[in-house]
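Residue-level listing of the chains:
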Amino acid sequence: MIARIAHDRGLSVGLKNDLPQVAELVGDFDFAVNEECAQYGECAMLTPFIAAGKAVFHVEYALANEDFCAESRRLGLSSMRKRLELDAWRRPC
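Cut-offs and rules
- Residues numbered from 1 in each chain as written.
- Predicted model: local features only at pLDDT ≥ 70, side-chain atom pairs only at ≥ 80, totals over all residues.
- Heavy atoms only, no water.
- Helix = DSSP H or I, 4+ residues; strand = E, 2+ residues; numbered from the N terminus.
- Buried < 20%, exposed > 50% of the residue type's maximum accessible area, 1.4 Å probe, protein only.
- Contact = heavy atoms within 4.5 Å.
- Areas by Shrake-Rupley, 256 points an atom, 1.4 Å probe, with all protein chains shown as cover.
- Lys, Arg positive; Asp, Glu negative; His and termini not counted.
- Charge placed at Lys NZ, Arg CZ, Asp CG, Glu CD.
- 1 Å grid on protein atoms, 1.4 Å probe; cavity = no way out; pocket = protein on both sides within 12 Å on 5 of 7 lines; lining within 4 Å.
- Points joined across faces, edges and corners; volume = space filled by probe spheres on them.
- Disulfide = S-S within 2.5 Å.
- Core = buried A, V, L, I, M, F, W, Y, C linked by side-chain atoms within 4.5 Å.

Asks: What exactly am I supposed to notice about the overall build of the protein here?
Replies: Tallying secondary structure elements over the protein gives 4 helices and 5 strands in all. Starting at the N terminus and walking to the C terminus, you meet the elements of the protein as α-β-α-β-α-β-α-β-β. Based on the C-alpha atoms only, the size of the protein along its principal axes is roughly 40 × 25 × 20 Å. Going through the 93 residues of the protein one by one, you find that 34% of them count as buried. Across the protein, the fraction of contacts at a sequence separation of at least 24, relative to all contacts at a separation of at least 6, is 32%. On the protein, roughly 5700 Å² of surface is accessible, and the fraction owed to carbon and sulfur atoms is 53%. Mean positive and mean negative side-chain charge positions of the protein (11 and 14 charges, respectively) differ by 6 Å.

Given below as structure tokens:
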């Protein structure tokens, strides 16, 4: 319903941190946003978005870039490290 409402208004809509429903909702949402899938070993669950030609924006807070960037690149995710404060600092892969 949320995706339909957004699309009816000419908006894009992203699925955030809802890995259990990725397969069911990938057709309805335009992109995905995920926090800490690498820390929990769950990033591969986002590949249906990549396979559909849709972006996945991914952020890690605790892991160093060298601990997740190689897998992120392999999976096709757009990944970065941020501080929990969500200030301007970032370290992209």
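Asks: Whenever I open this one, empty space enclosed by the protein confuses me. Can you help?
Replies: Regions of empty space are outlined by a rolling probe, equal in size to a water molecule, passed over the atoms. In the structure shown here, the tally under the stated rule is 1 cavity of 30 Å³ or more. In terms of lining, the largest cavity is formed by Leu15, Asn17, Asp18, Leu19, Val22, Val33, Asn34 and Leu46.

Asks: Just to check I follow, could you spell out the environment of Phe68 for this structure?
Replies: Examined against the element boundaries, Phe68 turns out to sit in the loop between strand 3 (55-60) and helix 4 (69-75). Leaving out residues up to four positions away in the same chain, Phe68 has contacts with Ala38, His58, Glu60, Leu63, Ser79, Met80, Arg81 and Cys93.

Asks: Just to check I follow, could you spell out the state of the cysteines for this structure?
Replies: A covalent bond between the sulfur atoms of two cysteines is referred to as a disulfide. Within this structure, the stated rule accounts for 2 disulfides. Covalent S-S linkage joins Cys37 and Cys43, the inter-sulfur distance amounting to 2.0 Å. For the disulfide bridge between Cys37 and Cys43, the dihedral angle about the S-S bond is near 90 degrees, and by the sign convention the bridge is right-handed. Here Cys37 falls in the buried class, since its relative accessible area comes to 1%. Residue Cys43 is classed as buried on the basis of its relative accessible area of 2%.

Asks: Honestly, the nonpolar core in this entry has me stumped. Any pointers?
Replies: One recurring pattern in soluble globular proteins is that nonpolar side chains are buried together. One finds Phe29, Leu46, Phe49 and Leu77 to be the most contacted residues of the largest nonpolar core, which totals 20 residues. For this core, the secondary-structure elements that each account for two or more residues are helix 1 (2-8), helix 2 (22-25) and helix 4. The contact partners of Leu46, leaving out residues within four places of it in the chain, are Leu19, Val22, Ala32, Asn34, Cys37, Val56 and Leu77.

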